[in-house]
Amino acid sequence: MDLINTITMLIFPTLAATINEMNNHTLKSHYGIEPTDANIAILNSMITTSATVGMVFSLFFIMPIAETKGRKLAVTYFRFIITLVCSFCQLLSALTQATELFILGQILNGLQIPLRAFVTLMYITECAPDKYRGFASSAVIFSDVIGQLIMFSVGSPSALGKQSTWFIFPLVVIISSVVNFGMAARLPESPKWLVRQNRLEEATKAIEFYQGDSCNLNDVLTSYIKEKNLTQEDKISFRQVWENDTMREALKVLCSVSLFLILDSGAVQGTYTVLLHTTAGYTVQETMNIKLILTILFFPTRFIGTYLLDALGRRPVMAIAGVIVYSKTWLMLITQIIIYFVGPSLLTKILYLGVEALSNSTFATGVASLGILFISELFPPSARTTVAQALIMVTMIIDLPLIASFPIVYAIFGPGYFFIHIFTQVFFGTYLYRHMPETKGRAVYDIIEAMDQDVASRTATFIEEKTPLIRKRVSLSFPSKFSSYIIFFSPQHLPSNETAYSTLLGHGVFLLILAAICLICSSFFISSELFLLAEIFIGIEHPLRTYTTIMFVTECAPDKNRGFASTALIFAQVIGRMLLYSLGSPGIFGTTGLWFVFPVFVALCSALMLILTSKLPDSPKWLVCQNRIEEAKTSINYYHGPKTDIEQVLISLVKEKNLTTESKLSFKQVLGDETMKEALGVIFAITFFFLLDGTSSQSVYTVVLHKNAGFTVQETMNISLILVIVFFPTKFIGTYIIDALGRRPVMLLGGFICFSKSVLMIATQLVIYFAGESLLTKIMYVAVESLTGAIPATGVNTLHVLFISELFPPSARTSVAQVLLMTAIAIDSPLLSLFPFVYSIFPPGFFAPFAMSQFFFGIYLYRHMPETSGRAVYDIIDSMEQVVFSRSQTLAGEKAPLLRDRVKYFSPYLSIMNLQASTLLATKRNSILNTSRARVKNGVS
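Quantities reported herein were computed from a predicted structural model and do not represent experimental measurements.

So, the overall build of the protein
At step 1: Counting its secondary structure elements, the protein contains 49 helices and zero strands.
At step 2: The proportion of buried residues among the 941 residues of the protein is 50%.
At step 3: Sequence separation of at least 24 residues holds for 80% of the intrachain contacts in the protein that already meet a minimum separation of 6.
At step 4: Surface exposure of the protein reaches about 42500 Å², of which carbon and sulfur atoms provide 69%.

Given below as structure tokens:
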């Protein structure tokens, strides 16, 4: 069946020219549109992305059937039906020259991709004996090679790749599918799945069928039952997988293997093979010949991979493949550098041939099947489908933007696309060298049990526990302020020196001055290079503006005015937009000869601002962290006023400083603490709620969206200016209500407006798509823009930065902010890059996911977001910790694995130290595996 599906998947890449002829016929005869390169490109994009639609649907609605109804149903029956209907659509499209039917066939073909990539291999590895799992998982690769040999040799225009003869391919697939189904329908179900359903008699017969009469049935069956009883639940969610230390360790290994191979040029070489070959100096025909020759030459090496995985083991295979992949990455980079600076030549042809040879050598190691193999070896049966779904989604999310951005990056600077692979492969390769387990020939139960024991052995003892939020419990036992100061400022707890906020803000102003100077020079010399340099300086300054400045302001402000302090800066953005929208039109300063006025204004204002702000005291919280108490008192008096109880504020800041034992926490340490992990969930939910929204696309592509709604460019500028002026007074409301009403009411109000805007945007785009632009679409889009302008009026846009300063101790804020900024960049950039592509195909489709994601994150925030208005940071974090601990189970009711044994192990230390249950709960592992006693109880006697 895999060979058959390989042929259906290769029809479009191999017969691209023939499919383009069908696209021409479809546009002319079906829609009366004259074919152009742009129209053909859109149809080709629809063909390539339609499989993704089917893949996503199958991932969430068809693949889980393999878990509930059995592997055989999904692999044998579902794949047969899908392949049959898909091939029938392709056959009809070939006979009628209808691209619509071909696209429908591609969608159906996408349905079987998750079944092929995961369920089929899972079915095979579950049926195979432990010592042959590697061979079983890698043997399927032959179907891909044979399919490529068939298509590359017979699919050329000189053979069966013509418009009148390519219907033979789907016809052969239909006939082969029927024959294959007749043979596969008699195979037994997976014995491991049957054991999970307690159908032991059928499982026994299946084991005899797949493993032979010579196998020890009792031992195999006992191993499968132990594997089943690794968990209490029949199905585990991804959140449960992540919360368990053992499975989280396995997940890291699995993701590292996948990302090592994904963040490589392999996908790009497959998709843009003709482009890469032609830039190296080959013709299209030479490219096809090279691909065919290399496929034939490396076909026998596929047998090596099926042997190596079980003979050498997983770690040696990964090491060999890693060296080949990394060598290929360097060779590709060198090749592209020579092509870019020198041009194509005989040398570049030879070098690129070496790249292709190394690419084919990678598959000869069998490393491509390690991902699915580790899913079946490192995870209990109840977690495999969930992990596979997550892995496929991550692969799609990473792979699609990489492939979509390649033509843009490659057109600008070819070698630049391949630089990143050098660093990512070193990182993930090092991690795998340190943490990847050897699993060959071992029972799954033994593998997971050994991993669990290894993870438990690395867990810190109660005496060595370094979990944050621990020293404040000690400080509560000191009644006097003086004794509190002694413990707070003891030498072993002194934090390390960090850069002052005032210094960082000075750096930010200096960067703006440099950017302004570059812009002025670019205006006078008409130099885009200087303009790009200025943009780099602005990008460097951006984190200082969006995080450090707001953090400085909120740390200087009194507790009751933190919300106002964080939102007041929004006026700067509004005033800046008013200046640009009013003075930046071509009729005033927006001309080639006058736009230098703006950077001159920026340079003068930045210099003036540097003089005025240089005399401000530093943040009192930062000064306390540096033990500069006298300066902190002066700063508190300056920012809070002389009527403030300085001693009371100082004690609160010292308590806040001493929430953690370390002066700086890594993000890994933040994740390791339950209280801060809860805070992370809140802050990421807020970030995703407003990040997964159409606002950034509205801002970047504002002219495109307005024009599609029916406005002209001049009307777009006028509307933007009017809305900025109209909503300017409302910004005062946000600075007031975030402290007066509180964070939760503000989030509720801002969330409701944002969700309404998302729904209205979808409705507007649907009307535009199906009915065209009109007065109605103009009114609806103005309403969308009005709601967009109303969101900042609630002050909700600064909640994420405000919560960094309220929900995290000082030592964790920089790490959290860095990760938050990187996450925002990682999500926002692909969204902006994909917008033109998705919007050109089906505009409402780009905005539909936002409404669903906002609904999900909105519910989460309603349930978990705390109210922090007017409270000291120490009290906020302390109350959050108490809430988290109140949800923890007592040891007597603990349902999770391997914990009671550890309690028994640590009991001598507990009795000596007289530790209370609450202290114990602070360090217990979140786990969902059964204890060893439960496994024996549920096992086979």
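What to know about the pattern of salt bridges
At step 1: Across all of its chains, the model carries 18 salt bridges by this definition.
At step 2: We note a salt bridge from Arg 196 to Glu 67, for which the minimum N-O separation is 2.5 Å. Placement of the pair is Arg 196 in helix 10 (residues 191-196) and Glu 67 in helix 4 (residues 65-68), with a sequence separation of 129 residues. Across this residue pair, the class does not change: Arg 196 and Glu 67 are buried.
At step 3: Across the pair Glu 631 and Arg 628 runs a salt bridge, and its minimum N-O distance is 2.9 Å.

Brief notes about unusual backbone geometry
One can expect most non-glycine residues to show negative phi and most peptide bonds to be in trans.
At step 1: Even without glycine at this site, Gln 97 takes up a positive phi of about 55 degrees.
At step 2: Summarising the element assignment, Gln 97 is placed in the loop between helix 5 (71-96) and helix 6 (99-127).
At step 3: Overall, Gln 97 belongs to the buried group, its relative accessible area being 9%.
At step 4: Unusually for a residue other than glycine, Asn 198 sits at a positive phi of about 60 degrees.
At step 5: Examined against the element boundaries, Asn 198 turns out to sit in the loop between helix 10 and helix 11 (200-211).
At step 6: Residue classification places Asn 198 among the exposed positions, given a relative accessible area of 56%.

A closer look at helix 6
At step 1: With 29 residues, helix 6 extends 40 Å between its outermost C-alpha atoms, agreeing within 8% with the 42 Å of an ideal straight helix rising 1.5 Å per residue.
At step 2: Counting buried positions along helix 6 gives 23 out of 29 residues, so the element sits mostly inside the fold.

Quick notes on a nonpolar patch on the surface
At step 1: A surface patch of nonpolar side chains, about 650 Å² in accessible area, is lined by Ile 337, Tyr 340, Phe 341, Val 342, Phe 419 and Phe 423.
At step 2: Mapped by element, the contributors of at least two residues to the nonpolar patch are helix 19 (314-341) and helix 23 (416-435).
At step 3: Structurally, Phe 423 is set in helix 23.

Details of the environment of Pro 129
At step 1: Relative to the helices and strands, Pro 129 is located in the loop between helix 6 and helix 7 (133-139).
At step 2: Judged by relative accessible area, which is 17%, Pro 129 ranks as buried.
At step 3: For the pair formed by Pro 129 and Ile 207, sequence separation is 78 residues and the distance between their alpha carbons is 8.8 Å.

Quick notes on the nonpolar core
At step 1: Core analysis: the biggest nonpolar cluster contains 76 residues, and Phe 118, Leu 370, Ile 375 and Phe 379 have the highest contact counts within it.
At step 2: When residues of this core are sorted by domain, at least three fall in each of domain 1 (1-144 + 166-185) and domain 3 (251-285 + 303-466).
At step 3: Not counting the four nearest positions on each side in its chain, Phe 118 is found in contact with Met 63, Ile 372, Ile 375, Arg 384, Thr 385, Ala 388 and Ile 392.
At step 4: Among the nonpolar cores identified, the runner-up in size contains 58 residues, and Leu 692, Phe 727, Ile 791 and Phe 847 belong to it.

Observations concerning the packing of aromatic side chains
At step 1: What the rule picks out here adds up to 24 aromatic pairs.
At step 2: Consider the rings of Phe 80 and Phe 181, whose centres lie 4.3 Å apart with planes at 15 degrees: the pair is stacked. Of this pair, Phe 80 sits in helix 5 while Phe 181 sits in helix 9 (residues 168-184), and the two are 101 residues apart along the sequence.
At step 3: Given the relative accessible area of 12%, Phe 80 is considered buried.
At step 4: For Phe 181, a relative accessible area of 22% puts it in the partly exposed group.
At step 5: Measuring from centroid to centroid gives 4.9 Å for Phe 689 and Phe 690, while their planes differ by 70 degrees, and the two rings are edge-to-face.
At step 6: Cluster of aromatic residues (ring-pair linked, three or more members): Tyr 701, Phe 835, Tyr 839, Phe 846, Phe 847 and Phe 850.
At step 7: The ring of Tyr 282 carries the charged tip of Lys 349 above its face, separated from the ring centre by 5.5 Å.

Topic: the side chain of Thr 362
At step 1: For Thr 362, the location among the structural elements is in helix 20 (residues 346-364).
At step 2: For Thr 362, a relative accessible area of 9% corresponds to the buried category.
At step 3: The contacts of Thr 362, once residues within four sequence positions are left out, are Ile 324, Val 325 and Val 367.

Cut-offs used in this document
Residues numbered from 1 in each chain as written. Predicted model: local features only at pLDDT ≥ 70, side-chain atom pairs only at ≥ 80, totals over all residues. Heavy atoms only, no water. Helix = DSSP H or I, 4+ residues; strand = E, 2+ residues; numbered from the N terminus. Buried < 20%, exposed > 50% of the residue type's maximum accessible area, 1.4 Å probe, protein only. Contact = heavy atoms within 4.5 Å. Areas by Shrake-Rupley, 256 points an atom, 1.4 Å probe, with all protein chains shown as cover. Salt bridge = Lys/Arg side-chain N within 4 Å of Asp/Glu carboxyl O. Expected span 1.5 Å × (residues − 1). Patch = residues over 30% accessible without salt bridge, like charges linked within 9 Å, V, L, I, M, F, W, Y side chains within 5 Å. Core = buried A, V, L, I, M, F, W, Y, C linked by side-chain atoms within 4.5 Å. Domains from an automatic or database assignment. Phe/Tyr/Trp six-rings, centres within 6.5 Å; stacked < 30°, edge-to-face > 60°. Lys NZ or Arg CZ within 6 Å of the ring centre and 35° of its normal.

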